[in-house]
Amino acid sequence: MFSPSPFHQGGARRGGGARGATPRLGVGSPAPRGGSRLTTPARVVSDSQRSDASMHSDGDAGMSEMSVDADLAGIPRIASGKHRAGVVFAQSEELTVTLLAQLPVEAHQVLRNADFARDAFTGEVDATSSFCLIASSGTCFVWKYSQSHVGPPTCYIFPCPNDYPHATTPFGALVSFTNGAGNSSSREPALLLLSPGGEYRFWDSIGLGLTGGEFTDAAQLDLGSDESITSFVFAESQTYIATTSRGRLFHFAVTSSGGKFHVAHHCFTLSRPTGAIARLKFWGNQGPVYSGKYITAATVCNRTAESYDVWTCMDASLVKWSVIREGWEQFEFEEDISEALSEALNRDFPNLITDAGLDLELIDIEFDPQENIVLLTSFAAVEDDTGLDMAPRRLYAIVQMKLLGEVFEVGTIRIVPYQTISADRANIHPRLKLINNSDLYCVEFGDAVTLIAKNSEYSTCLTLKSLQDRTFGCGTIQNDASELLFMNSEVLMKLDIDVERVNDFDPETGKGTSIKSTMTQAILFGSNPKNPLLFTFPPDVDEESLISGADQLSRAVLASDIEVVRPSPDLTRQLVERKDRLRFLIGFINENGALGKMSQASRQSLATDAEKLYAAQQLWAFYCHRVNSGSSEQLLAHAIMNFMNSVGEEFHDDVLRAFFRLRASDMGNLLPFVKQATVETLAQWELSGRAADMIVNANDIVLCVLQSAWSFRDTNAGVYGLNPVMHDAWTSSEPILDLTLDFFNMTAEKVVSESSSGGVTEGTRATRSRAAVADGNPLAAQGRAQLPQLAEAVFRCFDERLSWLESASAAEKQGVENDKRNLRERFQQVRPIVLHTLLKHDLGESAFKLGEDYRDFRSLVDLCHATPPIYPPQGNIHADRIQEFVDKYKEEFTNELYDWYMEHSELRCIYAQNDAHGSYLDAYFKQKPQPTISWIHDFTKNDWRTAANTLLEQSGHASELEVKHAILSIGKLSQLAHLHSLPKEDPASRDAEVQVEAFDVGLDYVSVHENIVDDLRKPLLGSRGRLSLENQVDAVVKARASRLKSYSAFLAEFKVSVKTLLQGRVLGIEEMVDVLTLKDGFEEYSTAMELLKNDKEIPEARRQSAIRTIWRRIFIYDDWVKLQQTANVSDKQLEERYRKTALYSAIREIAQRAEIVSNPQVPTAPSSPTNPFQQTSTTQAASDPQVDVPSPDLESLAPPSHDELASRWPGHSEDELAALAADYQKECARLQSMQPLGPVVQRVRELVALEMGQDDEMYVDGGSFS
């Protein structure tokens, strides 16, 4: 009967070390696969093993015979398609994996059709006898892998002990025989198979496998119903130990009797002889100290002439037995080591331990030559948050322990670079093996073999590539050998280990070196589809090592380093191989999920290398095509020769091929030499007739390189994870940008035009160009075909470089702002030139497409209006295209379209399309306010209010009087239309009326201008001839400003204002006030007052200062000293004098205006021609408000301060401001000389009141005068 494994289902394998750097041979930890931990399938043990470990593994035998393209990987193969011995599968500084032998056909056919998740298999490699073994539940295959003849090895087939109904594999041992001297004999080894159910079969020679496989001995162990064999280990020559799931041990010995070999066995007992050491605990002495639990592993050590020790792992305990050669066994002790191990693991790896506990398991045990215990353990670790499966994972560790007295002391702990998570793969049982006197630990898993150094931090994991593959054993020739044999379902591999390099491994430098080694092996060996090994990164690969390794390897491929690229005289083949190397490199990085750990700069570096190599491949193909077609390709050869001379590499026999092999990274640096060679050739007089041919040839080279690079980048941007903006891309460097533009211009001028024009003028060149193409001029046709491609290259160069300069990555570049501004301005200048050049040569479709591709809507608008007529829009030959762009790009295009119309004074085109473009115009005026014309669009929408507001605002900015008048008039009409559209009860009606009043104020100000201009021009009416503007100003000043002779600063400002008025321009309020109050005559003083009253823009301090200035000038206008000389003057005559003064006139006009405002029912006479604000009462009102006349003293009529003067005249110098201040002081001095004026002012007020028929007291109380 076969009993199932008592172990619970654990985790499936997953690649990667659990902690720290895990330098590896380029084959990494496996991807998540199925399989549980610690199931005990069959195991094979060979006599040659000094420290045996059962090798249990899973996986599918899905790999067919290895048929490899020898040209691809340089791997020799035999006629059958299988690899020859010596083929390298992996190679690093520390380790080389090569093919040693193929599996026999019989075993291979069974394995290739097996399902390892369902069918159980086991295997073993006996390196000493050169035999291998693979067994299923029913059949065992044995063969010698080392043989002299060529061809598949002879396979010996045996029937396995049948553990019906459990289809489990047996444990097995290849029994070697020794002669009398203790040396191995030439006799073929025997075979011993032991099923988990306890049945064993023995064949005294494997040769029996050729004659039906009849065994020579067989028996059944006395096992319990729930008991099964768990391990089967080598003890000594022809002696083995088996363990069971109930803690029992069996002794097996192959003995000879009567010339025949048979197997003797017996079970270990707990009894001991008399006189044994009293301190040891025995069964039944002080209670049951031997627990008899499940034994997971066993090993034999301390072999002497009298005895040897057997150690077992039983649950979490270590058990020691002594086997006395006299024929009995002795139980020594059982010790639980879980607490000591847990403390050590928690101490050394606190970040890996889960809160739920370790769930510690002892998997395998060995002893090193120093008698240290070496344990393979597994424990539950924290969840793996790097993958989709968040199930708890199990890690493996190798622990060194030593028994000191009665205490186990834990020594070094090394994490195995392998981990498992839950899945449903075939069960496996990892096994431990010591190599080279325990300098290396080897752990075999179902899908991988790991190596861990004892004396350094070196570790690696050789993982099988296929999920349908599995391991079938590891073996060493001797315990101190540095070679390891490793078998999978296809081949037997040999691992040559450089122990010295392993022991000298430096984790600081070795980490980066191992990452580079991994990638190197991936591109050298991983591309071989028949290589059984998987190359991958460790999960904790660091960014710096990854970037450094990938960059070095990429540059090595680019430079044809012989370590990664095979020398080949066929350059085409060599370029393809190098391109494939780089393709496999980025594919390998992506497949391992490591691209995210690489910076954008490192990704771009790899992509740049690959695109340069692709460009080199395409350029070489172009060169070969030209040569093969009979063309003399001297330009490229000349350019490459010049370049190689510049870098000191002109010594090569074949400089051209040397460039493509060694200097592919300089593809961008080659193009300026192409331009140089072209210019040099064009400069030679004897070749001047070939100018067009040379330029066309150069264009082909430049376009081949740039278009190949851009094509590769666009296609593979996702593969490399590139951002849209490249960092200082080589394809848009300043030299590349300049030469693409130069070749475009040369092609347009010297190829397309000159080749077809024969010296005609520029005006007819376009027509001749098209005619030449039509007539079959090949050079003109080629050049014309190249123009759109060159134009696109120019645009892409500019756009690519400008995008980088505007990106955050270029922010730290010195002078980036200046470079960005200059390049943007240059691109804006170049775009229309390039597009119009295409249009000129009848390549309009290419021009429009290029403009669309780069969304250059301004250039598209220019192209659409390059050919008249422009108005009406429907007559434009591109009217349909314009409408297409409007429908397609909407505001993006219409905004540029309207800008073009405005810049070219084609406003009529805007409003000719108002009905169709209404919504776009709304958006345009909202985004780009154009108040000077937007009111017209508002009129078309009957939006009178918006139009009126816009016009009122614009009237304040109008500098021409006629324009201001027109704007105010139209605006008032629009406001009246808005007011008419409102219901009378609408609250908005009052706001509309106020707005009408604002227009009235503005129109009154225009009237003041018109009146004052008419008055100023009167002195010019009698002049003869046409006076210059300066002479007109002088004539006006002479006739109208006679009182300003002593006021030089006022006179200068008056001249400036008069000049402005005569030019038909608008004066500011303060300037107009000065004109009205400084010119001869006093009729406009009240007008000046009214202007200041209605203005809302002048600062209050300056407005009050201006009012004070008006009153001061009113007071000093007349000679009050002379007027008050009353000798021989009657009172009536004195009153008449007062009525003729500026003071009387100003007070009377202000009082009349105030009366009209307070009593609007009083009818008024028309305003005077010079004063639109003057309103004369025809009847006297019953009452009149008081006129607020300031006191005529310096305190009340102080001059403006320096700050006020500087605020009003911000452009004046200090000297000019001082001169103005001096003139104001002169006015004050004149006023002071007339004091006292209080009584006079009072009398003038009384006279005004009498004239208006009002009570004198109202005016007498109006103010107090001193």
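By the naming in an unreviewed UniProt entry, the chain is Nucleoporin Nup133/Nup155-like C-terminal domain-containing protein, taken from Schizopora paradoxa. According to the UniProt record, the Subcellular location (unreviewed entry) comment for the chain is "Nucleus envelope".

Let's talk about helix α9 (residues 634-646)
Over its 13 residues, α9 runs 18 Å from end to end, which matches the ideal 18 Å to within 8%, given 1.5 Å per residue. Listed as buried for α9 are L635, L636, A639, I640, N642, F643 and M644. Just downstream of α9 lies G648, where phi reads positive at about 75°.

Structural notes on a negative patch on the surface
On the surface, a cluster of negative charge is contributed by E335, D336, E339, E343 and E406. Elements with a minimum of two residues in the negative patch: β20 (328-336) and α3 (338-348).

A word on empty space enclosed by the protein
Summed over all chains, the structure comprises four cavities of 30 Å³ or more. If you add up the space inside the largest cavity, you get close to 140 Å³. If you trace the largest cavity, you find 14 residues lining it, with E1070, S1105, A1106, R1208 and Y1224 closest to the centre. Breaking the lining of the largest cavity down by element, the ones donating at least two residues are α29 (1069-1078), α31 (1100-1117) and α35 (1202-1208). Broken down by element, the lining of the largest cavity gets its largest block of residues, five residues, from α31. A per-class count over the lining of the largest cavity returns six nonpolar, two polar and six charged.

Re unusual backbone geometry
Following Y871, the chain continues to P872 via a peptide bond in cis, the omega torsion being 0°. Position of P872 among the secondary structure elements: in the loop between α18 (857-864) and α19 (879-889). In this structure, P1236 follows Q1235 across a cis peptide bond, with omega equal to 0°. Of note, P1236 is situated in the loop between α36 (1214-1233) and α37 (1238-1251). Even without a glycine there, the phi angle at N302 is positive, about 55°. Relative to the helices and strands, N302 is located in the loop between β17 (295-301) and β18 (307-314). The backbone of K890 sits at a positive phi, close to 55°, despite the residue not being glycine. Within the secondary structure, K890 is located in the loop between α19 and α20 (891-903).

The rules behind the values
Residues numbered from 1 in each chain as written. Predicted model: local features only at pLDDT ≥ 70, side-chain atom pairs only at ≥ 80, totals over all residues. Heavy atoms only, no water. UniProt positions renumbered as here; feature names shortened; annotations may be inferred. Helix = DSSP H or I, 4+ residues; strand = E, 2+ residues; numbered from the N terminus. Expected span 1.5 Å × (residues − 1). Buried < 20%, exposed > 50% of the residue type's maximum accessible area, 1.4 Å probe, protein only. Patch = residues over 30% accessible without salt bridge, like charges linked within 9 Å, V, L, I, M, F, W, Y side chains within 5 Å. Areas by Shrake-Rupley, 256 points an atom, 1.4 Å probe, with all protein chains shown as cover. Salt bridge = Lys/Arg side-chain N within 4 Å of Asp/Glu carboxyl O. Lys, Arg positive; Asp, Glu negative; His and termini not counted. Charge placed at Lys NZ, Arg CZ, Asp CG, Glu CD. 1 Å grid on protein atoms, 1.4 Å probe; cavity = no way out; pocket = protein on both sides within 12 Å on 5 of 7 lines; lining within 4 Å. Points joined across faces, edges and corners; volume = space filled by probe spheres on them. Nonpolar A, V, L, I, M, F, W, Y, C, P; charged D, E, K, R; others polar.

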